[in-house]
Amino acid sequence: MQMTTWRKITVNALVGLTLLLMLVTPNLSMATLVHPRGYSLGMESSMACSLIPDSKKSTSLLPMQQSMPNVIYLIGDGMGPEYLKIASLIEYGIENGTIMDLKFPYHSLYDTRNILNETTDSAAGGTALATGHLTINERISMDRQGKISFKTILEYLVDDYNYSAGLVTTDELYGATPATFAAHVTSRDKKSEIFNQLLTRGLDVLLGGGLHSPFVGGESRAKKIGNAQGFDVATNLTELEAIYPSARRLLGLFGGTRKYSLPFEIDRNVTSEPSLLDMTKAALDVLSRTGKPFFLMVEGARIDHAGHQSNLTRAVLETIMFEKVARLIFSFAKQNNNTIVIVGADHETGGLHLLDYTLDNTNLPRKGLTREDNNTIRLKRIQNLTISWSGSGGHTNTLVSFYGFGSASFGTLNVSRTPDIFWAVNVALGKFPVIMKHEFFVDKETSMLKSSLTVKDLDKSWNRVTIHVEYDNGSVFSQQFNFTPDAMVTEEVTLDPISVDLAANFTAWMSISDAALSVEITSLRFRYLASTETTFSLSTSSETSGAASSGAITPSFDWFTLVFIVMPFSVVLLRTKKRKEK
């Protein structure tokens, strides 16, 4: 009798403790280990794991840092210096009257050619702006072989610094330029795949065209798709203005049934179709209410489209609208006092040249006039320009303009090529390490798994490399290698070789750490599949995860083991002991 009572008390106590532990650890999942970076590691049939981004969880090891500056990229697609000069003449009567010319302290011209030294497209140009890496045309933030994904400035800030983020464009939302900031595909033509990646990336704002594209399918289906991902959805200007003041996450899909991008500004229906300025205002409002620093990319995409058409009127009015957006952003940055603003282009389109002009500046566009009246003034002024198009309707290698403004210094870094803009922002943010090259390979003669990595770290703060390998048979290898960077910007490191069984399948990843931030930034994962042939099936994937804590899969405390293994096992031992005593 006493034994039964004692046993009941013990069981009740264990059950109560189990329930208490489950209450204080509400995110516990028996089927999922939680990676310290906020990614869930879904357990597969083997011990190998795959990284699955979990947008519902914070993915930052660092506490929310309100002192971190907002970062805003303004990209005039196809916008060369002559576009800005002509737009300034039409709108303000002087050649250098844009807000960038008047108020931005950093200005330079830069080369936009791709990694092959050829004329870039928007995919390679956007990749360079977003990642600091050159690549070939068509690639979306991937290397020239299409095997390795480059981590973007948006991904660094969202994953490693807990930023909110948004993308705004007058192109299709899944167009090349916005895609390069939050997607990774081998071809810009994989629009459906890009769209899916953008929707599931955990962004707070997505605004652009593509409403009637085949894989969106119009208003009702757009709302169904967006709502399923946690977005409030707008499909016209009226809905946008009604939704954005209270939206926590905002998806706007607009555009016609034949041209999926938004209409040219001169053709826009002002009662139903938002302008680039309308969308930017909505994005700033939503992002400013997240309570976190934010990254925002705004693209004036139809500047490029007008250049391809050699249509001066459309090109000028699109550039004027883009400059109005820059004025809005400048005003926001001045009031916020903690915002970095970048204005640039991915390339020039059309080879536009201003040859001569005769303008009467007594009648300029101005506040107080209707949109129609101001456009009438602009069109008359455009007629007094003499211009030429030397690019045959295509992209050119004309140098384009970089402008920088903000609460932090861009330092002395010379912006002379497109990737330099990424590094200028890196300097302004305080410098974080970026992996330039990473590789795993198996030496068939020695049966060794070898690893190498190149890191570019402007403040030389990175100090540790971690390699982690999980075999299908359940064995795990993990080792850290410590380094003290010298004065070189780029460090080449080859890790010690690791003996492997070539008949075994395994998953491996590599990471680097930054001493200043006390976080690790994971660079690469791949799956090795053994083959009975003499060649290997080596699959390099690009599941770049962002920062990780020290160690690869290390929950802060193993409640699962304690509650469901240790405690039941203890009860069994205790009951066995009591039986023997009896």
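For every chain, the first residue of the written sequence is number 1, and numbering continues from 1 onward in sequence order. This being a predicted model, a pLDDT of at least 70 is required before a residue's local features are given, and a value of 80 or more before pairs of side-chain atoms are given or counted; all residues contribute to the totals for chains, interfaces and linings. Side-chain measures here rest on the full set of heavy atoms in the structure, leaving out hydrogens and waters.

1. Re the overall build of the protein
- Where helices and strands are cited, they refer to DSSP runs of H or I of at least four residues and of E of at least two residues respectively, numbered from the N terminus. Each helix and strand in the protein was counted, giving 15 helices and 26 strands.
- The buried share of the protein, reckoned over its 582 residues, is 52%.
- Two residues form a contact once any of their heavy atoms are found within 4.5 Å. Of all intrachain contacts in the protein linking residues separated by at least 6 positions in sequence, the fraction that spans at least 24 positions is 71%.
- Only carbon and sulfur atoms are counted for the fraction: they give 52% of the accessible area of the protein, which is about 25,000 Å². Partly exposed describes any residue whose relative accessible area lies between the buried limit of under 20% and the exposed limit of over 50%, with all areas from a 1.4 Å probe on protein chains only and scaled to the type maximum. All accessible areas in this document rest on Shrake-Rupley with a 1.4 Å probe, and a residue is counted as covered only by the protein chains that are shown.

2. Focus: the pairing of strand β23 (residues 506–514)
- Within β23, nine of the nine residues are buried, which leaves it mostly tucked inside the rest of the structure.
- A two-sided burial pattern is seen for β23, the buried positions comprising F506, A508, M510, I512 and D514 on one face and T507, W509, S511 and S513 on the other.
- Strand pairing is assigned whenever DSSP detects at least two bridges linking the two strands. As judged from the nine bridges shared by strand β19 (residues 462–471) and β23, these two strands associate in the antiparallel manner. Counted as the bridge partner of T466 is S511 from β23.

3. So, the packing of aromatic side chains
- Between 30 and 60 degrees the pair is tilted, below 30 it is stacked and above 60 it is edge-to-face, where a pair is any two Phe, Tyr or Trp rings, Trp via its six-membered ring, whose centres lie within 6.5 Å. One pass over the full model with this rule turns up 17 aromatic pairs.
- Arranged with centres 6.4 Å apart and planes meeting at 90°, the rings of F422 and F432 form a pair that is edge-to-face. With F422 in helix α14 (residues 419–429) and F432 in the loop between α14 and β17 (434–443), this pair connects stretches of sequence that are 10 residues apart. Pair check on accessibility: F422 and F432 agree, each one buried.
- Here the basic side chain of R249 rests over the ring of F231, its NZ or CZ set 4.0 Å away from the ring centre.
- For a ring to carry a charge above it, either NZ of a lysine or CZ of an arginine must fall within 6 Å of the ring centroid while also lying within 35 degrees of the normal to the ring plane. Across the ring face of W423, the terminal group of K456 is positioned such that the distance to the ring centre comes to 4.3 Å.

4. Some words on the nonpolar core
- Nonpolar core, defined: a set of buried Ala, Val, Leu, Ile, Met, Phe, Trp, Tyr and Cys residues in which side-chain atoms within 4.5 Å join the residues together. If you look at the biggest cluster of nonpolar residues, it comprises 118 residues, and the most contacted ones within it are Y73, L74, I153, F181, L207 and F295.
- A total of 13 residues in this core trace back to one element, the largest contributor, which is helix α12 (residues 312–336).
- Discounting chain neighbours no more than four positions away, the residues touching L74 are V298, F322, V325, A326, I329, V341, I342, V343 and G344.
- In terms of nonpolar packing, the next biggest core, distinct from the first, is built from 17 residues, L453, V455, V469 and I512 among them.

5. Here we look at the sheet that holds strand β6 (residues 164–172)
- Pairing within the open sheet is mixed, and its nine strands lie in the order β5-β16-β11-β4-β10-β6-β7-β9-β8. Every other strand in the sheet has two partners, leaving β5 (106–110) and β8 (232–234) as the edge strands with one partner each. Between one strand axis and the next, the sheet turns through 10° on average, direction left out of account.
- By the bridge criterion, six bridges tie strand β4 (residues 70–76) to strand β11 (residues 339–344) in an arrangement that is parallel. By the bridge assignment for β11, I72 is matched with V341. The axes used here are C-alpha line fits, helices contributing only the stretch in contact, and every angle between their N-to-C directions lies in the interval 0 to 180 degrees.

6. Section: the environment of A128
- Along the chain, A128 falls in helix α4 (residues 122–131).
- C-alpha of A128 to C-alpha of R113: the two residues are 15 residues apart in sequence and 9.8 Å apart in space.

7. Quick word on the packing of helix α10 (residues 276–288) against α12
- Interaxial distance between α10 and α12 falls to 9 Å at its minimum, and their mutual angle equals 25°. Taken as axis vectors, α10 and α12 run roughly parallel relative to one another. The handedness of the crossing between α10 and α12 is right-handed. Where α10 abuts α12, its residues L276, L277, T280, K281, L284 and S288 lie against M321, F322, K324, V325, L328, I329 and F332.
- The nonpolar class holds Ala, Val, Leu, Ile, Met, Phe, Trp, Tyr, Cys and Pro. Asp, Glu, Lys and Arg form the charged class, and all remaining residues, Gly among them, are polar. Here the contact of α10 with α12 is built from residues that sort into nine nonpolar, two polar and two charged. By the definition adopted for this analysis, an angle is roughly parallel if under 35 degrees, roughly antiparallel if over 145, roughly perpendicular if from 65 to 115, and oblique otherwise. Definitions for this section: a left-handed crossing has its near helix turned counterclockwise from the far helix by less than a right angle. A right-handed crossing has that turn clockwise.

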